[in-house]
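Reading the structure
Chain by chain, the residues run as shown.
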Amino acid sequence: MGGRRRAQQDLGLPPFPTTTIGSFPQTGKLRELRRRLRSGELDQAAYWENIKKAIEENIRLQEELGLDVLVHGEPERSDMVEFFAERLQGFFITQKGFVLSYGSRVWRPPILFAPPRRQEPLVLRETLYAQSLTAKPVKAILTGPITLAAWSYLPEGVSFPEAVMALAEALRQEVRDLAARGIRFVQVDEPALLEKMPLRREEQPSYLKLAQEAFHRVVGDLEPKVQVHQHLCYSDYAALRPFLEAMDPDVVSVEGARQDPAFLQSLKDLPLEIGPGVFDVHTPEEATVEEMLTRLQGYLNFFSPASLWVNPDCGLKTRKPQEAISNLRNMVEAAKRLRQALGGKSPGGGHAHRT
């Protein structure tokens, strides 16, 4: 633990570092670009030039707002699972096989028909391009192996653990390349983690072991200087605690803006840093600076100032640009006021705990 903490001291983050979960608003313009690519109106080179422009807009916006750890905004991703399936060998992508997710939101589960293999970089190109545009650190965002397997159709005769570990190996190769090219922040998203928990108690220990082994397969080769983030969506956080203890990420971000801050009681004393959401990404309503500051102060009843990150509940994909901008601006201001209130003396990010 101490070795990772010392290795990350040069990250230079302020107290209460600000970041986002990954995705920025998916506009009609971006959806039209993907339609034109599928129809052949745009070739890959022209599509990439448009994606580069979108990434640069996202980076410039984050710099203007004053965020500390940036993301490229995922303008190239139609879906957090489908995107990776498109770049991994062994998947078939449907065009109209929609499944209801929640409300009016749908997604197209890919079909795994052969052992998944990394045949090309997954997020490397976009992340490196974003990093080339800014002196601030850029966080690479990957969907984790549990979620990739859970939200795909698996072939008959292939067990869920087999698919998870094969996908973890493909992600491991990507993560190693990211670190080798100088990326110091890597985030693994696992919204389906508790969803796949077996109902039978006697089967739960083996699932916990699978989640631990898969996560460590993905990030276990990383040097201590690389900070590993994990993102989890709304869930039973008490039930998730054993998974966080086993996986041991440096930082975990969780959805919490629709709950009383007391939900963190179930995660109290975990040896990691945490970013409970300060605004709800599922509503168009703007959260005020005062509301976010009150929430952050509530979180400090359960985690120390040195352990607290400031971020939205989840990705901003479904929000309109102005909705996202307003809330992010308020979020950055809330973090600044909290630093001022505590005298700016508390140590910020870079406190790693993963062995």
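Just so you know, these numbers come straight off a predicted model, no measurement behind them.

1. Quick notes on the environment of T20
For T20, the position within the fold is in the loop between helix 1 (2–7) and helix 2 (28–39). With a relative accessible area of 1%, T20 lands in the buried category. Excluding residues that lie within four positions of it along the chain, T20 makes contacts with Q62, L67, V69, V71, K139, Q187, P312 and L328.

2. A look at the sheet that holds strand 9 (residues 273–276)
Reading across from one edge, 5-6-7-8-9 is the order of the five strands in this open sheet, with parallel pairing throughout. Where the open sheet ends on each side, the last strands, each with one partner, are strand 5 (139–143) and strand 9. Strand-to-strand twist across the sheet, computed as the mean angle between neighbouring axes with direction ignored, equals 20°. Pairing between strand 6 (residues 185–189) and strand 7 (residues 227–232): five bridges, direction parallel. Bridging across to strand 7, V186 finds its partner in V228.

3. What to know about the confidence of the model for the protein chain
Confidence in the prediction for the protein chain averages 92 pLDDT; 94% of positions are at 70 or higher. Contacts for the low-pLDDT stretch residues 345–355, under 50 throughout, to residues beyond four places or in other chains number 56 contacts.

Criteria and cut-off values
- Residues numbered from 1 in each chain as written.
- Predicted model: local features only at pLDDT ≥ 70, side-chain atom pairs only at ≥ 80, totals over all residues.
- Heavy atoms only, no water.
- Helix = DSSP H or I, 4+ residues; strand = E, 2+ residues; numbered from the N terminus.
- Buried < 20%, exposed > 50% of the residue type's maximum accessible area, 1.4 Å probe, protein only.
- Contact = heavy atoms within 4.5 Å.
- Pairing = 2+ DSSP bridges.
- Axes fitted to C-alpha atoms, helices over the stretch in contact; angles between N-to-C directions.
- pLDDT = per-residue confidence, 0-100.

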